[in-house]
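# Descriptive analysis of the structure
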Amino acid sequence: MIDIAVFVSGNGSNLQALIDAQNYGSLKHARIVHVISSNKNAYALERADMANIRADVVDYKKLGQAAAEAKILKLLKTSNPKLIVLAGFMKILSKDFIEKCNAKIINIHPSLIPKYCGKGYYGLKVHEAVLDNHEEYTGATVHYVNEIPDGGQIIMQKQMKIWEQDNTPAKLQKRVLELVEHKILPKAVELVCSQICANAFPKAVNYPGRGIITGCTPSGRKMFAYFIMGRSQTSKARIFERSGNELAIKLTKQDPKFDSSLILYRPVRIFGENVIVTNGDQTDTIYDFLSEGKTFEEALRTRTYEPDAPHYTPRISAIMTPSGYKQSILKMAGKYFYEYEYKPGVGHLIHTYERFYPSRDELQSFIGEPREFAVSEDLDLFSESLWKELNENYRVALYVRYYEQDFVNYQDRLFNINEVN
Ligand code: GAR
């Protein structure tokens, strides 16, 4: 479930369409947690009140744009939405705001973008221009918001024929709202939220620890990702380093008192057409067993969880071959193995911990089966959003590799919090 904030300025009939969709169950992945109005007299505020949704007014007239945006950022810190929906919000958000804001932002615009959009085209003015130009069709568009007004990537668009009766801007606006906007906005919000859900950790997971994703992109390119997070100074001092077509972990500073055997290992090794990814020295066990003609499972049955009392961190492992991939977790509760065929756009995520209880310094092991995780075709988009998913207080390093169709050549991305010399 994704928490969303809706920004409004006037009547708020698009906000109402979202509230209705929520009440009738068609918003399955979204929950409206906050309404922000740029205008204290907006009827949208009454709609929020009737639906019991928290609403705040940020008076642009009184504050001016910079102070108003600063106030919005402050308010958003308290509701923490992952998506902002501009639904009849008659202000242009600055580049600075868009960068500072932690949420994705989408907007509904009452025309068929790229027609009748950009600065000066808002509200009734759009419909006026459409009628002046004797257009046969009009419609509305939901799109991502970037620094160019109405210029971001289009998510959904629908057109409608203009009738003779639509002969004033107000009449045309009413029909575009009812026939198009109120239909596509809830659909677009649901689509975007289901996508956000598909590549996010469940909300209850506050510290995933170390994690592996294996799977393939929508076009069938095989991929894997491996990340590490840490709480202690030494664990946080690690960096990932490419080592040929494998991956190594190094320490930026050594603490002689600290046993680093559990945090320094080779997370990625390649044996022929097998890619091995793990969170410990079981990578080598699997590699050695494969060299002797034995299997992933046989190798891991000789191993257990880590001896790091009181946590007893699970050992997580994965192997990818041209025909499928396997994952495993060795934890106190037992040794588990999972096997998958490649499915376009789907990966599986397994990680070491479910939760961290700071006041008790207690870590709860991963629960259940590997979780489906959406894999996009775009390597940058995928790796940057995965990096952002990892809590910035604990994330240490992330490596993502997308193979070409040949399963030999690849592109990769590497993120380290520590500087690499
Ligand atoms: C809607 O038509 C929306 O698309 C438009 O304002 C109207 C608000 O209606 N937005 C813009 O023009 C933004 N550039 P509502 O308050 O009833 O939702």
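The preceding data block contains the structure.
A short tour of the structure in this document, coming up.

## Overview of the overall build of the chain
Within the chain, the secondary structure is distributed over eleven helices and 22 strands. Taken along its principal axes, the extent of the C-alpha atoms in the chain is 80 × 45 × 45 Å. Within the chain, buried positions represent 52% of all 421 residues. Sequence separation of 24 or more characterises 59% of the internal contacts of the chain that already satisfy a separation of 6 or more.

## Considerations on the nonpolar core
Formed by 42 residues in total, the largest nonpolar core has its most connected members in Ile4, Val6, Leu83, Val85 and Val189. Of the residues forming this core, the biggest block, ten residues, is contributed by helix H7 (residues 169–198). Sequence-distant contacts of Leu83, that is, excluding residues within four places in its chain, are made with Ile2, Asp3, Ile4, Ala5, Ala103, Lys104, Ile106, Val189, Val192, Cys193 and Ile196. Judged by nonpolar contacts, the second largest core, of 28 residues, contains Val275, Val277, Tyr399 and Tyr403.

## Comments concerning the pairing of strand S18 (residues 353–357)
When S18 meets strand S19 (residues 362–365), the two strands line up antiparallel, connected through four bridges. Across the sheet, Tyr357 pairs through a bridge with Glu362, a residue of S19. Linking two consecutive strands that pair antiparallel, namely S18 and S19, is a turn of four residues; a positive phi of about 50° is found at Asp361 within it.

## Observations regarding the sheet that holds strand S7 (residues 154–161)
Read from one edge of the open sheet, seven strands run S3-S2-S1-S4-S5-S6-S7, paired in mixed fashion. Across the chains shown, the open sheet's two edge strands, defined by having one partner strand only, are strand S3 (55–57) and S7. For this sheet, the mean inter-axis angle between neighbouring strands, taken without regard to orientation, is 20°. Across seven bridges, the pairing between strand S1 (residues 2–8) and strand S2 (residues 30–37) is parallel. Opposite Ile4, over in S2, you have Ile32 as the bridge partner. Together, S1, S2, strand S4 (83–86), strand S5 (104–109), strand S6 (137–144) and S7 form the strand contacts of H7, whose direction differs from that of S7 by roughly 155°.

## Thoughts on the sheet that holds strand S22 (residues 410–416)
Read from one edge of the open sheet, six strands run S20-S17-S8-S9-S21-S22, paired in antiparallel fashion. The open sheet has two edge strands with one neighbour each: strand S20 (371–374) and S22. Averaged over all adjacent pairs, the angle separating strand axes in this sheet is 15°, with direction ignored. Pairing analysis gives seven bridges linking strand S21 (residues 395–403) to S22, with the strands arranged antiparallel. What sits directly across from Tyr402, in S22, is Gln411.

## Regarding the side chain of Glu246
Along the chain, the position of Glu246 falls in strand S11 (residues 246–251). Residues within four places of Glu246 in sequence aside, it is in contact with Glu241, Arg266, Val268, Arg269, Ile270 and Arg401.

## Focus: the environment of Ala129
On the secondary structure map, Ala129 appears in helix H6 (residues 124–132). Once you skip the residues sitting within four places of it in the chain, Ala129 turns out to touch Tyr116 and Tyr121.

## Focus on the site of the ligand
In the region of the ligand, 14 residues are neighbours, and Gly12, Ser13, Asn14, Gly123 and Glu181 sit closest. Contact distances for the ligand include 3.5 Å between a nitrogen atom and a side-chain N or O atom of His109. Within the side chain of Glu181, one N or O atom sits 2.6 Å away from an oxygen atom of the ligand. For the ligand, whose accessible area on its own is 450 Å², the fraction buried by protein is 93%. The site holding the ligand turns out to be the second largest pocket.

## Structural notes on the packing of helix H1 (residues 13–23) against H7
Between two packed helices, the angle of one axis relative to the other and the distance separating the axes together describe the packing. Taken N-terminus to C-terminus, the directions of H1 and H7 make an angle of 55°; their axes are 9 Å apart at the nearest point. As judged from the angle between their axes, H1 and H7 are oblique. For the crossing formed where H1 meets H7, the hand is right-handed. Seen from H1, the contacting residues are Ser13, Asn14, Ala17, Leu18 and Ala21; seen from H7, they are Leu177, Glu181, His182, Leu185, Pro186 and Val189.

## Some thoughts on the environment of Thr138
Mapping Thr138 onto the fold places it in strand S6. You can call Thr138 buried: its relative accessible area is 2%. On a C-alpha basis, the gap between Thr138 and Val176 in space is 7.9 Å, while along the polypeptide they are 38 residues apart. Sequence-distant contacts of Thr138, that is, excluding residues within four places in its chain, are made with Pro110, Leu112, Val130, Lys158, Gln159, Met160, Ile162, Leu172 and Val176.

Definitions and cut-offs
- Residues numbered from 1 in each chain as written.
- Predicted model: local features only at pLDDT ≥ 70, side-chain atom pairs only at ≥ 80, totals over all residues.
- Heavy atoms only, no water.
- Helix = DSSP H or I, 4+ residues; strand = E, 2+ residues; numbered from the N terminus.
- Buried < 20%, exposed > 50% of the residue type's maximum accessible area, 1.4 Å probe, protein only.
- Contact = heavy atoms within 4.5 Å.
- Core = buried A, V, L, I, M, F, W, Y, C linked by side-chain atoms within 4.5 Å.
- Pairing = 2+ DSSP bridges.
- Axes fitted to C-alpha atoms, helices over the stretch in contact; angles between N-to-C directions.
- Near = heavy atom within 4 Å.
- Polar contact = N/O pair within 3.5 Å; in protein donor to acceptor, adjacent residues only side chain to side chain.
- Areas by Shrake-Rupley, 256 points an atom, 1.4 Å probe, with all protein chains shown as cover.
- 1 Å grid on protein atoms, 1.4 Å probe; cavity = no way out; pocket = protein on both sides within 12 Å on 5 of 7 lines; lining within 4 Å.
- Sits in = over half its atoms within 2 Å of the grid points.
- Parallel < 35°, antiparallel > 145°, perpendicular 65-115°, else oblique.
- Left-handed = near helix turned anticlockwise from the far one by under 90°.

Treat this as a map of the structure, not an account of what it does.
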